[in-house]
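Results of the structural survey
Residue-level listing of the chains:
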Amino acid sequence: MNSTVQQRQDRLEPMLRLAPVIAIVTIDDVNHAMPLAKSLLEGGVRAIEVTLRTSAALASIEAIRGGVPDASVGAGTVLTPADVTASENAGALFFVSPGSSPLLIDAMGKSDVPWLPGAASASEAMALFERGYRLQKFFPAEPAGGVDFLRSLAAPLPKIKFCPTGGIRAQTMAIYLELPNVICVGGSWLSPANVMRDKDWKAITALARAATAGSQR
Ligand code: 3PG
């Protein structure tokens, strides 16, 4: 029998708390997947969300899962039931979506992999909470109201914890992590496209190290 939403959310929580920074990576070349994951790990970032935005994404998840066992690799930009099946088959340990939809919620109900669904308003967060999702991605964090918006949700919705992503950088992550309803932050600033193109893995480790040092509370 499938696990319950609550059981899957309970399994998700320690993965979100790992750094507490999730690297959101977009990989164009599957050969970059393992060195990228290793360099993030060396900098202390263990949770890696591979966005399903390139043709190399699924193979990259598979490569990291098989080759870098200390990383917690998940699939991001999961939008459809087909994405759920494909990323589960690739070995994703968690799913992340920018929002939620009835079809996606149904598909997630049939999967055993934990899901971090996105919300950008009190109503969206409440609708997901009704379905058992106490852990949610707040997206797009900065354009949707940033730190002030999230702080305002903490009192009326104390049971919902967020992973804000979208516009967060090394300089701003600590302010988010101070909030009582923030469990981790995520962002693509740890793997800039030009640094990936140059295969400058040392630079990625340095960015990850700076982020994990900056996240110490
Ligand atoms: C995401 O893909 O979840 C966010 O767009 C990441 O946002 P960033 O690129 O501003 O970090």
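In what follows, the accompanying structure is described. (Residues numbered from 1 in each chain as written. Predicted model: local features only at pLDDT ≥ 70, side-chain atom pairs only at ≥ 80, totals over all residues. Heavy atoms only, no water.)

Topic: unusual backbone geometry
The omega angle of the peptide bond from F139 to P140 is -5 degrees, so this bond is cis rather than trans. Not every positive phi belongs to a glycine, and T77 is a case in point at roughly 55 degrees. By the element assignment, T77 lies in the loop between β3 (72-76) and α4 (81-90). Backbone geometry at K199 places phi at a positive 50 degrees, although glycine is not the residue there. As for its position among the elements, K199 is in the loop between α9 (193-197) and α10 (201-214). (Helix = DSSP H or I, 4+ residues; strand = E, 2+ residues; numbered from the N terminus.)

Section: the site of the ligand
Around the ligand, the neighbouring residues are I24, R53, K137, F139, T165, G166, G167, R169, G187 and S188. Side-chain polar atom of K137 to an oxygen atom of the ligand: 2.5 Å apart, as the coordinates give it. About the coverage of the ligand: the protein hides 83% of its 320 Å² of free accessible area. Of the residues in the shell around the ligand, the class split is two nonpolar, five polar and three charged. (Near = heavy atom within 4 Å. Polar contact = N/O pair within 3.5 Å; in protein donor to acceptor, adjacent residues only side chain to side chain. Areas by Shrake-Rupley, 256 points an atom, 1.4 Å probe, with all protein chains shown as cover. Nonpolar A, V, L, I, M, F, W, Y, C, P; charged D, E, K, R; others polar.)

Some details on the pattern of salt bridges
Within the structure shown, the criterion is met by five salt bridges. For D10, the salt bridge identified is with R134, shortest N-O distance 2.9 Å. Of this pair, D10 sits in helix α1 (residues 5-16) while R134 is found in the loop between α6 (122-130) and β7 (135-138), placing the two residues 124 residues apart along the sequence. Here D10 falls in the partly exposed class, since its relative accessible area comes to 40%. D112 serves as the salt-bridge partner of R11, at 3.7 Å between the closest nitrogen and oxygen. (Salt bridge = Lys/Arg side-chain N within 4 Å of Asp/Glu carboxyl O. Buried < 20%, exposed > 50% of the residue type's maximum accessible area, 1.4 Å probe, protein only.)

Some details on the sheet that holds strand β6 (residues 118-119)
On the basis of which strands lie adjacent, the open sheet formed by three strands has the order β6-β7-β8 and parallel pairing. Because the sheet does not close on itself, it has two edges, and the strands there are β6 and β8 (161-164). With two bridges joining them, β6 and β7 adopt parallel strand pairing. Bridge assignment links A119 to a residue of β7, and that residue is F138. (Pairing = 2+ DSSP bridges.)

Considerations on α1
In this model, α1 (12 residues) spans 16 Å end to end at C-alpha, consistent with the 16 Å of a helix rising 1.5 Å per residue. Inspection of α1 places V5, R8, Q9, L12, E13, M15 and L16 among the buried residues, and these make up the whole buried set. Taken down its axis, α1 places every buried residue within 165 degrees of arc, on the same side. If you follow the buried residues of α1, they end up packed against β1 (21-25), β2 (47-51), β3, α5 (102-109), β5 (115-116) and β7. (Expected span 1.5 Å × (residues − 1). Arc of directions from axis to C-beta. Contact = heavy atoms within 4.5 Å.)

Regarding the nonpolar core
Grouped together as the largest cluster of nonpolar side chains are 58 residues, with contacts concentrated most on L40, V50, I64, F95 and V185. For V185, the residues in contact, after removing those within four places along its chain, are P20, V21, I22, C163, P164, I168, M173, Y176 and L177. If you look at the next biggest cluster of nonpolar residues, it comprises 12 residues, including F94, L135, C163 and C184. (Core = buried A, V, L, I, M, F, W, Y, C linked by side-chain atoms within 4.5 Å.)

Overview of the environment of T165
With respect to the helices and strands, the residue T165 is situated in the loop between β8 and α8 (173-177). In this structure T165 touches I24, K137, F138, F139, P140, A141 and G186, once residues within four positions along its chain are discounted.

So, the side chain of Q9
Within the secondary structure, Q9 sits in helix α1. Under the relative-accessibility criterion, Q9 is labelled buried at 1%. Residues within four places of Q9 in sequence aside, it is in contact with W115, G132, Y133, R134 and L135.

Section: the packing of helix α2 (residues 33-42) against helix α3 (residues 57-67)
Interhelical geometry of α2 versus α3 gives an angle of 55 degrees and a closest axis separation of 9 Å. Between α2 and α3, the crossing angle belongs to the class labelled oblique. In the packing of α2 onto α3, the handedness of the crossing is right-handed. Residue-level inspection shows A33, M34, A37 and K38 of α2 in contact with α3, the latter providing S60, A63, I64 and G67. Counted by class, the contact of α2 with α3 contains five nonpolar, two polar and one charged residues. (Axes fitted to C-alpha atoms, helices over the stretch in contact; angles between N-to-C directions. Parallel < 35°, antiparallel > 145°, perpendicular 65-115°, else oblique. Left-handed = near helix turned anticlockwise from the far one by under 90°.)

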